[in-house]
Amino acid sequence: MNKLKLMTDQQYMFGAIFVAANRMDTLMEREFKKFDITTKQWFLSIVIDNLFDKPPTIKEAAREMGSSHQNVKQVALKLEQKGLLVLEKDARDSRVIRLKLTEHSLDLWKGVREEGNAFTEALFKDISEEEKGTARRVMEKLLSNIAEMDR
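Reading the values: rules and limits
- Residue indices begin from 1 for each chain and proceed along its sequence in written order.
- Only residues with pLDDT of 70 or above have their local features reported here, since the model is predicted, and side-chain atom pairs are shown and tallied only from 80 upward, although totals for entire chains, interfaces and linings are computed over all residues.
- Only hydrogens and water are removed before side-chain values are computed, so all heavy atoms of the structure are retained for them.
- Counting from the N terminus, the helices are the DSSP runs of H or I reaching at least four residues and the strands are the DSSP runs of E reaching at least two.
- Only protein chains enter the area calculation, which uses a 1.4 Å probe; residues under 20% of their type maximum are buried, those over 50% are exposed, and those in between are partly exposed.
- Charge convention: Lys and Arg are scored as positive, Asp and Glu as negative, and His as well as the terminal groups of each chain are ignored.
- We put the charge of a Lys on NZ, of an Arg on CZ, of an Asp on CG and of a Glu on CD.
- Within 6.5 Å between ring centres, the rings of Phe, Tyr and Trp (the latter by its six-membered ring) count as paired, and their orientation is classed by plane angle as stacked under 30 degrees, edge-to-face over 60, tilted in between.
- For our purposes a nonpolar core is just a set of buried Ala, Val, Leu, Ile, Met, Phe, Trp, Tyr and Cys residues, chained together by side-chain atoms within 4.5 Å.
- Every residue pair with non-hydrogen atoms within 4.5 Å of one another is taken to be in contact.
- A fitted line through C-alpha atoms serves as each axis, taken over the contacting stretch for helices, and the angle formed by two N-to-C directions is quoted from 0 to 180°.
- Orientation is classified from the angle alone, with under 35 degrees giving roughly parallel, over 145 giving roughly antiparallel, 65 to 115 giving roughly perpendicular, and any other angle giving oblique.
- Ten residue types, Ala, Val, Leu, Ile, Met, Phe, Trp, Tyr, Cys and Pro, are classed as nonpolar, four, Asp, Glu, Lys and Arg, as charged, and the remainder, Gly among them, as polar.
- Any residue with relative accessible area above 30% and no salt bridge may belong to a patch, with like charges joined within 9 Å and the nonpolar Val, Leu, Ile, Met, Phe, Trp and Tyr side chains within 5 Å.
- Using a 1.4 Å probe, accessible areas were evaluated by the Shrake-Rupley method; residue-level cover was limited to the displayed protein chains.
- Whenever Lys or Arg places a side-chain nitrogen within 4 Å of a carboxyl oxygen from Asp or Glu, that contact is recorded as a salt bridge.
- Counting of polar contacts relies on pairs of N or O atoms within 3.5 Å, with two restrictions inside protein: one atom must be capable of donating a hydrogen and the other of accepting it, and residues adjacent in sequence are counted only when both atoms are side-chain atoms.
- In a helix, the anticipated span is given by 1.5 Å times the number of residues less one.
- For every residue, the pLDDT score states the predictor's confidence, bounded by 0 at the bottom and 100 at the top.

Peer 1: Would you mind going over the overall build of the chain in detail, with residue names and values included?
Peer 2: Summing up its helical and strand segments, the chain has seven helices and two strands in all. The buried share among the 151 residues of the chain stands at 21%. Mean positive and mean negative side-chain charge positions of the chain (26 and 25 charges, respectively) differ by 4 Å.

Peer 1: Give me the lowdown on the packing of aromatic side chains, citing residues and values where you can.
Peer 2: All told, the structure shown has three aromatic pairs when counted by the stated rule. An aromatic cluster of three or more residues is present, and its members are F32, W42 and F43.

Peer 1: Talk me through the nonpolar core; I want residue IDs and the actual numbers.
Peer 2: Membership of the largest hydrophobic core comes to 23 residues, with the highest contact counts inside it found for L44, V72, L85 and L99. Secondary structure elements with two or more residues in this core: helix 2 (9-32), helix 3 (39-51), helix 4 (58-65), helix 5 (69-81), strand 1 (85-89), strand 2 (97-101) and helix 6 (103-123). Excluding residues that lie within four positions of it along the chain, V72 makes contacts with L44, I58, A61, A62, M65, S67 and L99.

Peer 1: Account for the packing of helix 3 against helix 4, naming residues and giving values.
Peer 2: Contact geometry of helix 3 with helix 4 gives a least axis separation of 10 Å together with a crossing angle of 105°. Put simply, helix 3 runs roughly perpendicular to helix 4. Contacts from K40, F43, L44, V47 and L51 in helix 3 reach A61, E64 and M65 in helix 4. Its residues assigned to classes, the contact of helix 3 with helix 4 shows six nonpolar, no polar and two charged.

Peer 1: Got a sec to walk through a nonpolar patch on the surface? Specific residues and values, please.
Peer 2: Nonpolar side chains collect at one region of the surface, where L4, M7, Y12, M13, I17, V138, M139, L142, L143 and I146 lie side by side and expose about 850 Å² of accessible area between them. Within the residue set of the nonpolar patch, elements represented by two or more residues are helix 2 and helix 7 (129-150). As for its position among the elements, I17 is in helix 2.

Peer 1: Account for the pattern of salt bridges, naming residues and giving values.
Peer 2: With the rule as written, the count across this model stands at seven salt bridges. Between R98 and D90 there is a salt bridge, with the nearest N and O atoms lying 2.6 Å from each other. Neither R98 nor D90 differs from the other in exposure class; each is buried. Each of E60, D90 and R98 takes part in salt bridges that share partners, so that together they form one network.

Peer 1: Could you give an account of the side chain of D90, naming the residues involved and the relevant values?
Peer 2: Structurally, D90 is set in the loop between strand 1 and strand 2. At 3.0 Å, the side chain of D90 forms a polar contact with the backbone nitrogen of D93.

Peer 1: Describe helix 3, and please don't skip the residues or the numbers.
Peer 2: Residues spaced three or four apart along an α-helix point in a common direction, a consequence of the helix completing one turn every 3.6 residues. In this model helix 3 runs 17 Å from its N-terminal to its C-terminal C-alpha over 13 residues, within 8% of the 18 Å that 1.5 Å per residue would give. All of the buried residues in helix 3 are T39, Q41, L44, S45, V47 and I48. Where the residues of helix 3 are buried, they touch helix 2, helix 4, helix 5, strand 1, strand 2 and helix 6.

Peer 1: Summarise the confidence of the model for the chain; cite the residues concerned and give the values.
Peer 2: When pLDDT is averaged along the chain, the result is 92; 99% of the residues meet or exceed 70. Helix 5 holds the highest mean pLDDT among the elements of the chain, 96, whereas helix 1 (residues 3-6) holds the lowest, 84.

Quick look at the structure:
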């Protein structure tokens, strides 16, 4: 008998989240290799571009990514070496570093966007809008619970 069928929905979902995250990361790493970027570099760029109206601080980006300041800084430094990001001191507080995408970065992401859209379409194939809405609400609750546990 298949042991997955014996798991509670909660046990299955807990494991499935890890499996899905790992498999998506592996697939995306393979796709991004031709652009000489990693999924973490892509994710940081997406967070900066989509969640902020002005260049965020490392701390702000880390919070949105669910990552540490140190990890985000390391990813940012790699992007800076590739000419895709500028780390600049804040005008008001020189201790604060802001993350700013370069024009070169914006051009790269335009090229990657089409492939990203195709990847996302394939990933969500045969999943209805209602199912996506339910999954969104579940993920929002999980993320809220995680934030509460982290306090």
